[in-house]
Amino acid sequence: QVQLVESGGGLVQPGGSLRLSCEASGISFSNYVIGWYRQAPGKERELVAAIFTGGTTTYADSVQGRFTISREVAWNTVYLQMNSLKLEDTAVYYCNARNFYNQGRDYWGQGTQVTVSS
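Read on for an overview of the structure. Keep in mind it's a predicted model, so treat the numbers as computed, not measured.

Helix and strand counts for the protein come out as zero helices and 11 strands. Listing every helix and strand of the protein by position from the N terminus yields β-β-β-β-β-β-β-β-β-β-β. Here the protein has a C-alpha radius of gyration of 14 Å; the compact-globule value for 118 residues is 13 Å, and the two agree. Over its C-alpha atoms, taken along the principal directions, the protein stretches across nearly 40 × 25 × 25 Å. Of all 118 residues assigned to the protein, the portion counted as buried reaches 41%.

Below, the structure written as structure tokens:
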């Protein structure tokens with residue numbers, strides 16, 4: 001059974017920082033592309049950051065320079081360090097794992113709420 005669990009969300013002031021965690025069971029991250037997505041009320045889910053099997057990363061333009069994605073393969077844990085948070089970063093953040101060699105294997109966590117407010 002595959003399970004992804006996000007944690008670390010909460011309420012933070014503009015300019016503050018949070019670190020989100022995604023812990024996986026039932027799969028090994030070594031063959032997976034791991035992405036962080038977010039969805040604000042009334043908007044479509046969008047990709048925030050991703051880390052590929054070789055360790056390369058990509059970021060949405062809106063978070064470039066502020067967010068950093070990383071992973072601990074041995075513990076099947078992925079992090080999203082979020083700095084200089086803005087009001088528009090408010091959303092539910094989701095962890096996604098997709099097998100690079102079998103992209104039909106695609107898993108989602110339940111999400112964690114991030115609220116940026118003064």
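Turning to the state of the cysteines, a few remarks are in order. Tallied over the entire structure, the rule returns one disulfide. Cys-22 shares a disulfide with Cys-95; S-S distance 2.1 Å. Between Cys-22 and Cys-95 the sulfur-sulfur dihedral comes to about -80°; the bridge is accordingly left-handed. Within this pair, whereas Cys-22 is found in strand E3 (residues 18-25), its partner Cys-95 is found in strand E9 (residues 91-99), the two being separated by 73 residues in sequence. With a relative accessible area of 0%, Cys-22 lands in the buried category. Cys-95 gets classed as buried once you look at its relative accessible area, which sits at 0%.

Geometrically, a pair of aromatic rings is defined through the distance of the ring centres and the angle of the planes. Inspection of the entire model under this criterion finds three aromatic pairs. Measuring from centroid to centroid gives 6.3 Å for Tyr-32 and Tyr-107, while their planes differ by 40°, and the two rings are tilted. One end of the pair, Tyr-32, is in strand E4 (residues 32-39); the other, Tyr-107, is in strand E10 (residues 106-108), with 75 residues separating them in the sequence. Their ring planes at 90° and their centres at 5.3 Å tell us that Phe-100 and Tyr-101 sit as a pair that is edge-to-face. Taking relative accessible area as the criterion, Tyr-101 reaches 63% and is therefore assigned exposed. The ring of Trp-108 carries Arg-45 above its face, with NZ or CZ at 4.7 Å from the centroid.

Before going further, it helps to examine the nonpolar core. Trp-36, Leu-80, Met-82 and Tyr-93 are the most contacted members of the largest nonpolar core, which has 29 residues in total. Only E3, E4, strand E5 (46-51), strand E7 (67-72), strand E8 (77-82), E9 and strand E11 (112-116) provide two or more residues apiece to this core.

What follows concerns the sheet that holds E8. If you walk across this open sheet you meet the four strands as E1-E3-E8-E7, and the pairing is antiparallel. With partners counted over all chains shown, the strands left at the sheet margins are strand E1 (3-7) and E7, one partner each. On average, adjacent strands in this sheet sit at an angle of 15° to one another, irrespective of strand direction.

With that settled, the discussion passes to the environment of Tyr-37. Structurally, the position occupied by Tyr-37 is in strand E4. Overall, Tyr-37 belongs to the buried group, its relative accessible area being 16%. Not counting residues within four places of it along the chain, the set of residues in contact with Tyr-37 comprises Arg-45, Glu-46, Leu-47, Val-48, Val-92, Tyr-93, Tyr-94, Asn-96, Arg-98 and Trp-108.

Strand direction decides the pairing type here: E1 and E3, joined by five bridges, are antiparallel. Note that in E3 the partner of Leu-4 across the bridge is Ala-24.

Parameters at a glance
- Residues numbered from 1 in each chain as written.
- Predicted model: local features only at pLDDT ≥ 70, side-chain atom pairs only at ≥ 80, totals over all residues.
- Heavy atoms only, no water.
- Helix = DSSP H or I, 4+ residues; strand = E, 2+ residues; numbered from the N terminus.
- Rg over C-alpha atoms; globule rule 2.2 N^0.38 Å.
- Buried < 20%, exposed > 50% of the residue type's maximum accessible area, 1.4 Å probe, protein only.
- Disulfide = S-S within 2.5 Å.
- Phe/Tyr/Trp six-rings, centres within 6.5 Å; stacked < 30°, edge-to-face > 60°.
- Lys NZ or Arg CZ within 6 Å of the ring centre and 35° of its normal.
- Core = buried A, V, L, I, M, F, W, Y, C linked by side-chain atoms within 4.5 Å.
- Pairing = 2+ DSSP bridges.
- Axes fitted to C-alpha atoms, helices over the stretch in contact; angles between N-to-C directions.
- Contact = heavy atoms within 4.5 Å.

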